[in-house]
Amino acid sequence: MTSDEPEKQVSGKGSDERQLVNEAPTSEPQPLARHSSLVTCHFSIITRSPEETVAFGRELAKELQPPCTVLLEGELGSGKTTLVKGILASLASVPEDEVTSPTFTLVHEYGPEGKLYHVDLYRIEGARDLATLGLDELLNREATVLIEWGEKFGEDVPRPCLRVRFEHLGHDERRITVERQT
Ligand code: ADP
Ligand code: MG
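Just so you know, these numbers come straight off a predicted model, no measurement behind them.

*Asks:* Looking at this structure, I do not really get the overall build of the chain. What am I missing?
*Replies:* Looking only at helices and strands, one finds 4 helices and 9 strands in the chain. In the chain, which comprises 182 residues, the share counted as buried stands at 45%. When contacts within the chain are restricted to residue pairs at least 6 apart in sequence, long-range pairs at least 24 apart make up 61% of them. Carbon and sulfur atoms make up 47% of the accessible area of the chain, which amounts to about 9,600 Å² in all.

Next up, the structure:
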């Protein structure tokens, strides 16, 4: 898939009604799960509420096989933590209200076996700061590591991962672009 392809939208009010819908008028609504090539392509969707972003996080979670790093990029308030709520709800049954950006602690660990981490690099300044964090060790584990402010890694990402970029389109609209890095 290329970035020239039509943008897609997540729609539906409840978790049972989620659908990924092509904007092209001829296409039928398709369940997101049918996009099993999710992690091998580059595509964008638009969500129109936090609930839709959480729902998309739940769907994205189904595609994450550890070891796996997810770099979440975009300005403050663009929806990174909201997506993480959906991913953690799906992978570890974490209640949404227990998920916050680990802005001060930097790393939150979930699950019984140390296999799921939520990292926030907001306060990290530069490669030197990054090196002192001990993230290398985390990234060498058979774990799923979700990293907010992933752009702070630059191009130096140590293993295959997804890059997920968030753009604030105004009001409650967000464009979320998912790209696999090899
Ligand atoms: P970040 O982690 O990128 O700083 P958060 O996910 O913490 O952002 O915050 C996003 C804010 O925007 C929340 O207050 C959320 O309710 C609101 N919001 C409104 N519309 C959306 C949307 N479509 N997707 C995600 N968040 C949204
Ligand atoms: Mg956040």
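So that's the structure; there's more coming.
*Asks:* Any chance you could explain the coordination of the magnesium ion (ligand 2) here in plain terms?
*Replies:* Put simply, a metal with four donors set out as a tetrahedron has ideal angles of 109.5 degrees, and one with six donors set out as an octahedron has ideal angles of 90 or 180 degrees. In the first shell of the magnesium ion (ligand 2), the protein supplies Thr81 (OG1), Ser101 (OG) and Glu148 (OE), at 2.1 to 2.2 Å from the metal. In primary sequence terms, the donor set of the magnesium ion (ligand 2) follows T-x19-S-x46-E. Here Ser101 is found in the loop between helix 2 (80-92) and strand 5 (107-110), whereas its partner Glu148 is found in strand 7 (residues 144-148), with 47 residues between them in sequence.

*Asks:* Could you clarify how one ought to interpret the packing of aromatic side chains in this entry?
*Replies:* The description of an aromatic ring pair rests on the distance of the ring centres and on the angle between the ring planes. Enumeration over the complete set of coordinates arrives at 2 aromatic pairs. Centre to centre, the rings of Phe43 and Phe56 are 6.4 Å apart; their planes meet at 85°, and the pair counts as edge-to-face. One end of the pair, Phe43, is in strand 3 (residues 42-47); the other, Phe56, is in helix 1 (residues 50-61), with 13 residues separating them in the sequence. Grouping residues by exposure puts Phe43 and Phe56 together as buried. Aromatic side chains Tyr122 and Trp149 sit 5.2 Å apart centroid to centroid with 40° between the ring planes, which places their arrangement in the tilted category. Within this pair, whereas Tyr122 is found in the loop between strand 6 (116-120) and helix 3 (126-131), its partner Trp149 is found in the loop between strand 7 and strand 8 (161-170), the two being separated by 27 residues in sequence. Among the residues examined, Tyr122 registers a relative accessible area of 36% and is labelled partly exposed. Lying over the aromatic face of Trp149, Lys80 brings its terminal NZ or CZ to 4.3 Å of the ring centre.

*Asks:* Would you mind going over unusual backbone geometry with me for this structure?
*Replies:* Negative phi values dominate among residues other than glycine, just as trans dominates among peptide bonds. Pro66 connects to Pro67 through a cis peptide bond whose omega is 0°. Residue position: Pro67 is located in the loop between helix 1 and strand 4 (68-73). A positive phi angle, near 60°, is found at Trp149, a position not held by glycine.

Rules and cut-offs
Residues numbered from 1 in each chain as written. Chains lettered and ligands numbered in written order. Predicted model: local features only at pLDDT ≥ 70, side-chain atom pairs only at ≥ 80, totals over all residues. Heavy atoms only, no water. Helix = DSSP H or I, 4+ residues; strand = E, 2+ residues; numbered from the N terminus. Buried < 20%, exposed > 50% of the residue type's maximum accessible area, 1.4 Å probe, protein only. Contact = heavy atoms within 4.5 Å. Areas by Shrake-Rupley, 256 points an atom, 1.4 Å probe, with all protein chains shown as cover. Donors = N, O, S within 2.8 Å, 3.2 Å for Na, K, Ca; no water. Phe/Tyr/Trp six-rings, centres within 6.5 Å; stacked < 30°, edge-to-face > 60°. Lys NZ or Arg CZ within 6 Å of the ring centre and 35° of its normal.

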